[in-house]
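Coordinate inspection notes
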Amino acid sequence: MFDPMMLYNISKHFSILIVEDHHSLRQRVVEILDDFFYRVDEAEDGVEALEKYNAYYETHSKYYDLIISDIQMPRMNGIDLTAEIYSINEDQPIIILSAHQDANYLLALINFGVAQFITKPIEQEQMLQTLYNVCKKLGKPTSSIIENNLIDLGNEFIWYKKENILKCSCKEVILTKHETIFMEILTQHIDKVCSTDEILNHFFIQNIDLSPENVRSAITRLRKKLPKDSISSIYGLGYKLTSL
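This text gives an overview of the structure that appears in the document. (Residues numbered from 1 in each chain as written. Predicted model: local features only at pLDDT ≥ 70, side-chain atom pairs only at ≥ 80, totals over all residues. Heavy atoms only, no water.)

1. Let's talk about the overall build of the chain
Note the threshold: Comment: elements are numbered from the N terminus, with helices defined as DSSP H or I runs of at least four residues and strands as E runs of at least two. Contacts were defined at the residue level, with two residues in contact if any of their heavy atoms lie within 4.5 Å.
Assigned secondary structure in the chain consists of 9 helices and 12 strands. Long-range pairs, those at least 24 residues apart, make up 62% of the contacts in the chain with a sequence separation of at least 6.

2. A look at the packing of aromatic side chains
Applicable threshold: Between 30 and 60 degrees the pair is tilted, below 30 it is stacked and above 60 it is edge-to-face, where a pair is any two Phe, Tyr or Trp rings, Trp via its six-membered ring, whose centres lie within 6.5 Å. Between buried and exposed lies partly exposed: a residue is buried under 20% and exposed over 50% of the maximum accessible area for its type, with that area taken using a 1.4 Å probe on protein chains only. The criterion for a charge sitting over a ring is simple: Lys NZ or Arg CZ within 6 Å of the ring centre, and within 35 degrees of the ring normal.
Taken as a whole and assessed by the stated rule, the structure comprises 5 aromatic pairs. Measuring from ring centre to ring centre gives 4.1 Å for Tyr-56 and Tyr-64, while their planes differ by 15°; the resulting arrangement is stacked. Judged by centre distance (4.8 Å) and plane angle (55°), the ring pair of Phe-182 and Phe-203 falls under tilted. Of this pair, Phe-182 sits in helix H7 (residues 177-188) while Phe-203 sits in helix H8 (residues 196-205), placing them 21 residues apart in sequence. By relative accessible area, Phe-182 is classed as buried at 1%. Look at Phe-203 and you get buried, because its relative accessible area is 0%. Over the ring of Tyr-160 we find Lys-167, and its NZ or CZ is 5.1 Å from the ring centre.

3. Here's the deal with the sheet that holds strand E3 (residues 66-70)
How we decide: Any two strands with at least two DSSP-identified bridges between them are counted as paired. To obtain each axis, a line is fitted to C-alpha atoms, and for helices this fit is confined to the stretch in contact; angles are then taken between N-to-C directions over 0 to 180 degrees.
As summarised here, the arrangement of the 5 strands in space is E2-E1-E3-E4-E5, forming an open sheet in which the pairing is parallel. In the strand order of this sheet, the two ends are held by strand E2 (39-43) and strand E5 (116-119), each with one partner. Across the sheet, the mean angle separating the axes of adjacent strands is 20° when strand polarity is ignored. Contacts from helix H3 (residues 46-60) reach strand E1 (15-19), E2 and E3, with the element oriented near 145° to E2. With respect to the sheet, helix H6 (residues 124-135) is in contact with E1, E3, strand E4 (94-98) and E5, its orientation differing from that of E5 by roughly 170°.

4. Some remarks on the pattern of salt bridges
Using the following cut-off: Any Lys or Arg side-chain nitrogen found within 4 Å of a carboxyl oxygen on Asp or Glu counts as a salt bridge.
Tallied over the full model, the rule gives 9 salt bridges. A salt bridge links Glu-48 to Lys-52, with the nearest nitrogen and oxygen atoms 3.7 Å apart. One end of the pair is Glu-48 and the other is Lys-52, both in helix H3 and 4 residues apart, which spans about a single turn. Using a relative accessible area of 30% as the deciding quantity, one classes Lys-52 as partly exposed.

5. Description of unusual backbone geometry
Phi at Asn-164 takes a positive value of approximately 55°, unusual for a residue other than glycine. Inspection of the secondary structure assignment puts Asn-164 in the loop between strand E7 (157-160) and strand E8 (165-168). The backbone of Asp-229 shows a phi angle near 65°, a positive value even though the residue is not glycine.

6. A closer look at the packing of H7 against helix H9 (residues 212-223)
Two quantities define a packed helix pair, namely the angle between the helix axes and the distance between the axes. Put simply, the rule reads: Any angle between 65 and 115 degrees counts as roughly perpendicular, while under 35 counts as roughly parallel, over 145 as roughly antiparallel, and the rest as oblique. Gly counts as polar in this scheme, as do all residues outside two lists: the nonpolar Ala, Val, Leu, Ile, Met, Phe, Trp, Tyr, Cys and Pro, and the charged Asp, Glu, Lys and Arg.
Put simply, H7 and H9 touch, their axes get as near as 10 Å, and they point 90° apart. Between H7 and H9, the angle falls in the class roughly perpendicular. Of the residues in H9, those in contact with Glu-179, Phe-182, Met-183 and Leu-186 of H7 are Val-215, Ala-218, Ile-219, Arg-221 and Leu-222. A class-by-class count of the residues in the contact of H7 with H9 yields 7 nonpolar, no polar and 2 charged.

7. A short note on the pairing of E7
The pairing of strand E6 (residues 150-154) with E7 spans 4 bridges and is antiparallel. Residue pairing across strands places Ile-151 opposite Trp-159, the latter belonging to E7. As judged from the 4 bridges shared by E7 and E8, these two strands associate in the antiparallel manner. Pairing of Trp-159 across the sheet is with Leu-166, part of E8.

8. Observations regarding the nonpolar core
Formally: Buried Ala, Val, Leu, Ile, Met, Phe, Trp, Tyr and Cys residues form a nonpolar core when they are joined through side-chain atoms within 4.5 Å.
With 28 residues, the main nonpolar core has Ile-16, Leu-33, Phe-37 and Leu-131 as its most contacted residues. Those elements that place two or more of their residues in this core are helix H1 (4-11), E1, helix H2 (23-33), E3, E4 and H6. Setting aside residues up to four positions removed in sequence, Leu-33 forms contacts with Ile-16, Ile-18, Val-40, Ile-68, Met-127, Leu-128 and Leu-131.

If you want it as structure tokens, here you go:
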């Protein structure tokens with residue numbers, strides 16, 4: 001049985017674009033991969049995907065680390081999208097979602113250089129295994145920490161590590177003592193899972209006794225002061241604060 005932590009350990013800094021016209025399936029894939037990747041974006045067809053692909057480069061001066069695309073989609077299908085992307089970036093890793101009826105298209109995609117496929121209906125373990133096989137071949141991504149003392153959390157939120165201060169648009173965000181301690185421990189594990197035990201131990205060292213229930217409620221309150229989805233709950237593991 002595949003261990004999902006093997007994927008998380010190498011994918012946690014990577015960005016991925018999911019291209020699928022079936023809304024429910026796309027949302028299911030996004031929800032699963034959101035726990036594994038630093039950034040998960042989505043598009044409903046090739047036209048929207050190409051727009052997001054170019055916009056991401058303009059904003060970040062780099063392309064998505066990985067793309068997952070369906071074949072049969074309106075406006076622009078997966079084959080044409082793959083051709084367009086390879087004309088822009090011939091080294092772009094692409095994984096294709098393939099149903100049995102798409103068999104006639106696979107040869108064209110193989111000729112383009114696509115070597116990884118995920119079959120439909122999607123089995124979660126197979127998808128994670130395939131992603132692991134691709135991600136372990138990718139190089140180490142550029143760090144999102146903009147300076148040793150500053151962590152960019154997105155939407156103009158910056159955490160100042162030395163001062164333990166959170167600012168948004170250069171204005172300080174008022175945090176309680178406990179929220180400041182949470183930010184301190186979470187930013188020490190930026191883009192990594194911080195276990196509940198690690199959080200409790202960090203508070204214990206500062207002579208503050210918390211329960212796991214206190215942690216959950218405090219994290220809920222802290223989320224309201226940060227950009228949306230900055231803190232992810234990793235079921236059975238702990239919490240992850242994501243940088244830009």
